[in-house]
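Here is how the chains run, residue by residue.
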Amino acid sequence: MITNPAVYTNLRSVLPPSKDTAWDEERQQYDKSVLFRKTAQISAISSLKGPDCIWEVTSKLSSGETKPVTQLKGACSQSPYLTVPDIGVDYDLQVVQLTPPARISTPVRIKTKLIVALGDSFASGEGNPDHPAKFNAIADRKRGLPHDWFLSNGGLAVLSKENSAQWWSQSCHRSLLSWPAMAALKRAIHEKDSIVQFASFACSGAEVYDGLLNPQIEPPGYEYLPNPTAGFIPVKHTTGDSDTVTKVRRVTLKYSQIQALSDLICDAPAKPVEQVYQRTLQPGVRHGQRDFYGAFDTPQCKSRRLTVDNLYFMFGGNDTGFSSVVSGAIFPQDLKYEGLVAKPFQGLVNNGLFQRLRPVSPQAAASKGIPELPKLFDHLSKELKSLGVRPEATLMVGYPDLIQDLPSRSAEERKNCALRTADGFSPFQVLVGKFARHDGARFGLRTGYREESESLLLKAIRDDYISPLRKAMEESRSPDTWQYVDSNSVFLGRDICAKPPGCSHGQCPQGGRVRWAWSHLDRVAQAWSPLTCEARREESAPGRKGPISQIIHDCSVPAWTSVSDFQLYDPSKQAGVRLATDAILGAARLDRATHSVAVTPFAQKKPHFTMDGLFGSAHPTAHMHAAIADLVQP
């Protein structure tokens, strides 16, 4: 579907806006009257060839007589849509041809299949909004985007609130282009006698104890929750030989994923009760992470439950520091300042940058996080069982290796990857430059083409963290046999640095480009070439203290000539992983905080670009989600 230009260039007319789905963002629940409709519409084909037929749905009364339910005229070969008033009830469908006389009858019973998804950003579809941002072509070509457009008013003219990115769930960055949603859609297409009811509670940033079992703290779009909820989060502090636990006030979602699932499938939910599998809190892997374990509210049901026919989930990456390991792989070298107050300010900035991006070494993530997975999955399994979810109906997807064989490639290939990702992660460089007054914070994959230690880092990410994580997930499955799908195969040849054919020497399909234009020279195709780029790299960049070389790292690939022509789902994009540039362009939102009191000091009341699009960095593209869906639902 998303490789068809008529579809991927016009998703606003193909996918419904969130307000037209069963999801209610304000209540943070699904509308059961919409999701579990009692009526259905059916259509059928027949072998009759006449131009006019009568199509009729009938039901049997207790007396044995038949009662007409729906009757319509239409072509004999295919019926019009016929309304069936009660799903799960036996009916007869018949088509009557008047000339020549003929009649065909068949029993009809509409079945339902309930599919539920739980998980983190890899299950929510982070980086792939249902309706990507649509930029104003006239304003873009007239003015262009300044390099720091997402931090200033300079880009406001090219995007309206109505054309901003839209998500199925804005607070969780939940997308209809996620692999669980596409797997459910594929099942609905193949099982023509069933209605597939699909509900996802996956949320970007979720962990087992922060999202699944407890309401999640500050998901990526939390500043725009209609009714933010404040919760008190227990935090463990260790001083010397003693531990203390304090409670910190934070904004959270209204429900945990397990609570939301219980509310969905219970006819009469009861008041939750406290559950404790391990009372002692254990610090997480990264700075600011919610502690593992402790008490949580487990949901209860007063009366019968609906049956979950299939449950898809993906957990463990955030618990073990996946995003923090990625941060460590692209983290810039320490920034250096000159002047009398340089050293104190320098330390303050570098420490603040470290705490904000929370990089973690692969060895630390592996030693602190991965050993906890069996226990975390055991707690997850117990909660699913308590809701009647059958283990054999549960499917877990494993995380992919986003760098694949990059550590063993040639020095030239690794150099090209480093430069390409430096351009692709340049929004972080711009962000640091804006607030830290330093233009040299170069982000990008540290591939080791300059220093052998960086090459060792890449190998450590693959060998010491990603491979053990994937192995631990497969081995930590429920002893009652969850199904397991390894997603890694779909990323072969489509790692974070993959380029489409023909992307070199100043030529590249739009899908293979990784940065937006920063000046007139960069925007006009006739004036741009690798030679002019290299020749002018040491000139002063417009509006910046440093040279152009600080903001354009790879001169072999041109920029997007116009962001209004940018297509987030362009199939010529060979890499199966989002970089920061395409993530923030696709998820750009012109919005204002909806709270009477700002949730954070960064929330603004005047129109501004939101920053939550950056969460899509280093996440699978929609094409990869589609490929994973094919593994889940062959």
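**Student:** Just to check I follow, could you spell out the overall build of the chain for this structure?
**Tutor:** Per the secondary structure count, the chain includes 18 helices and 19 strands. Residue pairs at least 24 apart in sequence account for 76% of intrachain contacts in the chain once pairs closer than 6 positions are excluded.

**Student:** Would you take a moment to explain the state of the cysteines for this structure?
**Tutor:** One covalent bond between the sulfur atoms of two cysteine residues makes up a disulfide. For the structure on display, the rule yields five disulfides. Through a disulfide, cysteine 266 is tied to cysteine 301; the S-S separation comes to 1.4 Å. On the criterion of sequence distance, the pair formed by cysteine 266 in the loop between α7 (257–265) and β13 (269–275) and cysteine 301 in strand β14 (residues 296–301) is long-range, its members being 35 residues apart. Covalently, cysteine 503 is tied to cysteine 508 through a disulfide, its sulfur atoms 2.0 Å apart. Where cysteine 503 bonds to cysteine 508 through sulfur, the torsion about that S-S bond is close to -90°, and the disulfide is left-handed. Assessed through its relative accessible area of 7%, cysteine 508 is described here as buried.

**Student:** Is there a simple way to think about the side chain of serine 59 in this case?
**Tutor:** The residue serine 59 is located in strand β4 (residues 53–60) in this model. The exposure class assigned to serine 59 is buried, which follows from its relative accessible area of 15%. Leave out the neighbours within four places in its chain, and serine 59 touches Glu65, Thr66, Lys67, Val69 and Tyr91.

**Student:** Sorry, what's going on with the sheet that holds strand β5 (residues 66–74) here?
**Tutor:** One key point about sheets: their strands pair by backbone hydrogen bonds, in either a parallel or an antiparallel sense. If you trace the four strands from one edge of the open sheet to the other, you get β5-β4-β7-β8, paired in antiparallel fashion. Strand pairing shows two members of the sheet lacking a second neighbour, β5 and β8 (102–109), which therefore form its edges. Within this sheet the neighbouring strands show an average axis-to-axis angle of 20°, counted without direction. With eight bridges connecting them, β4 and β5 associate as antiparallel partners. Bridge assignment links serine 59 to a residue of β5, and that residue is lysine 67.

**Student:** In this structure, what is going on with the environment of lysine 434? I would like to understand it.
**Tutor:** Relative to the helices and strands, lysine 434 is located in helix α13 (residues 426–436). Using a relative accessible area of 34% as the deciding quantity, one classes lysine 434 as partly exposed. Sequence-wise, lysine 434 and aspartate 148 are 286 residues apart; in three dimensions their C-alpha atoms are separated by 8.3 Å. When residues no more than four places from it in sequence are discounted, the contact partners of lysine 434 are Asp148 and Leu151.

**Student:** Got a minute to help me understand the pattern of salt bridges in this structure?
**Tutor:** It is possible for side chains bearing opposite charge to pair when their charged atoms get close. In this structure the tally under the stated criterion is 19 salt bridges. Residue arginine 462 pairs with aspartate 463 through a salt bridge whose shortest N-O separation is 3.0 Å. Linked through salt bridges whose partners overlap, the residues forming this network are Lys113, Arg187 and Glu191.

**Student:** Whenever I open this one, the pairing of strand β16 (residues 394–398) confuses me. Can you help?
**Tutor:** Here is the key point about a regular strand: its side chains alternate between the two faces of the sheet. Of all the five residues making up β16, five are buried; the element is thus mostly covered by neighbouring parts of the structure. Pairing geometry for β16 and strand β17 (residues 483–486), over four bridges, is parallel. Bridge assignment links methionine 396 to a residue of β17, and that residue is tyrosine 484.

**Student:** Just to check I follow, could you spell out the packing of helix α6 (residues 179–190) against helix α18 (residues 622–632) for this structure?
**Tutor:** How two helices pack is summed up by the angle between their axes together with the distance between the axes. It is at 8 Å that the axes of α6 and α18 come closest, and there the two elements cross at 50°. As summarised for this structure, α6 and α18 are arranged oblique, according to the angle between their axes. Like other packed secondary-structure pairs, α6 and α18 cross with a definite hand, here right-handed. Contact with α6, carried on its side by Trp179, Met182, Ala183 and Lys186, involves Ala622, His625, Ala626, Ile628, Ala629, Asp630 and Val632 of α18 and no other residues of that element. In the contact of α6 with α18, the residues fall into eight nonpolar, one polar and two charged.

**Student:** Looking at this structure, how should I read the sheet that holds strand β15 (residues 310–314)?
**Tutor:** Spatial strand order, β10-β9-β15-β16-β17: five strands in an open sheet with parallel pairing. Whereas interior strands pair on both sides, the edge strands pair on one side only; in this sheet they are β10 (194–200) and β17. Mean inter-strand twist for the sheet, computed between neighbouring axes without regard to direction, equals 20°. Two elements, strand β9 (residues 111–119) and β10, share seven bridges in a ladder whose sense is parallel.

**Student:** In this structure, what is going on with the packing of aromatic side chains? I would like to understand it.
**Tutor:** Two aromatic rings, taken as a pair, are described by how far apart their centres are and by the angle between their planes. A complete count under the given rule lists 21 aromatic pairs for this structure. Grouping aromatic residues by their ring pairs yields a cluster made of Trp23, Tyr30, Trp168, Phe198 and Phe201. Taking NZ or CZ as reference, arginine 174 lies 4.6 Å from the ring centre of tryptophan 23, over its face.

**Student:** I keep staring at the side chain of glutamine 29 and nothing clicks. Help me out?
**Tutor:** When you line up the elements, glutamine 29 lands in strand β2 (residues 29–30). Side-chain polar atoms of glutamine 29 contact the side chain of arginine 27, separated by 2.8 Å. What glutamine 29 contacts, discounting residues up to four positions off in sequence, is Ala22, Trp23, Asp24, Tyr255 and Asp263.

**Student:** Sorry if this is basic, but what is going on with the confidence of the model for the chain here?
**Tutor:** Segments scoring low in pLDDT should not have their predicted coordinates read at a detailed level. Of all residues in the chain, 82% attain a pLDDT of 70 or more, and the chain-wide mean is 84. Averaged pLDDT values over the elements of the chain bottom out at 52 in helix α15 (residues 520–523) and peak at 98 in helix α4 (residues 121–124). Across residues 593–604 the pLDDT falls below 50, and counting only partners more than four positions away or on other chains, this stretch makes 22 contacts in the model.

**Student:** For this particular structure, what's the right way to read helix α11 (residues 373–386)?
**Tutor:** Spacing of three or four residues puts side chains on the same side of an α-helix, whose turn is 3.6 residues. The terminal C-alpha atoms of α11 lie 20 Å apart, and with 14 residues this matches the ideal 20 Å at 1.5 Å per residue to within 8%. Residues of α11 that are buried: Leu373, Leu376, Phe377, His379, Leu380, Ser381, Glu383 and Leu384.

Rules used throughout
- All residue numbers refer to position in the chain's written sequence, counted from 1.
- In view of the model being predicted, local features appear only for residues whose pLDDT reaches at least 70, and side-chain atom pairs are presented and counted only at 80 or more, with totals across whole chains, interfaces and linings using the full set of residues.
- To get the side-chain values, take all heavy atoms of the structure and skip hydrogens and water.
- Per the convention used, a helix needs a DSSP run of H or I reaching at least four residues, while a strand needs a run of E reaching at least two, with both numbered from the N terminus.
- We call two residues in contact whenever any of their non-hydrogen atoms come within 4.5 Å of each other.
- The definition used for a disulfide is geometric: two cysteine sulfur atoms within 2.5 Å.
- Exposure is judged per residue with a 1.4 Å probe applied to protein chains only, and the accessible area is read against the type maximum: over 50% gives exposed, under 20% gives buried, and values in between give partly exposed.
- Any two strands between which DSSP finds at least two bridges are classified as paired.
- Think of each axis as a best-fit line through the C-alpha atoms, taken over the contacting stretch in the case of a helix, with angles from 0 to 180 degrees between the N-to-C directions.
- When a carboxyl oxygen of Asp or Glu is within 4 Å of a side-chain nitrogen of Lys or Arg, the pair counts as a salt bridge.
- Convention used here: angles under 35 degrees read as roughly parallel, angles over 145 as roughly antiparallel, angles from 65 to 115 as roughly perpendicular, and any remaining angle as oblique.
- Crossing handedness: left-handed means the near helix sits turned counterclockwise from the far one by under a right angle, and right-handed means the same turn made clockwise.
- Amino acids outside the nonpolar list (Ala, Val, Leu, Ile, Met, Phe, Trp, Tyr, Cys, Pro) and the charged list (Asp, Glu, Lys, Arg) are all regarded as polar, and Gly is one of them.
- In this analysis, rings of Phe, Tyr and Trp, with Trp reduced to its six-membered ring, are considered paired at centre separations within 6.5 Å, and the interplanar angle assigns stacked below 30 degrees, edge-to-face beyond 60, and tilted for intermediate values.
- In this scheme, Lys NZ or Arg CZ marks a charge over a ring once it lies within 6 Å of the ring centre and within 35 degrees of the ring normal.
- Within 3.5 Å is the distance limit for a polar contact, defined as a pair of N or O atoms, with the added protein rule that one can donate a hydrogen and the other accept it, and that residues adjacent in sequence qualify only through two side-chain atoms.
- Confidence scores here are pLDDT values: one per residue, from the predictor, ranging 0 to 100.
- Multiplying 1.5 Å by the residue count of a helix minus one yields the expected span of that helix.

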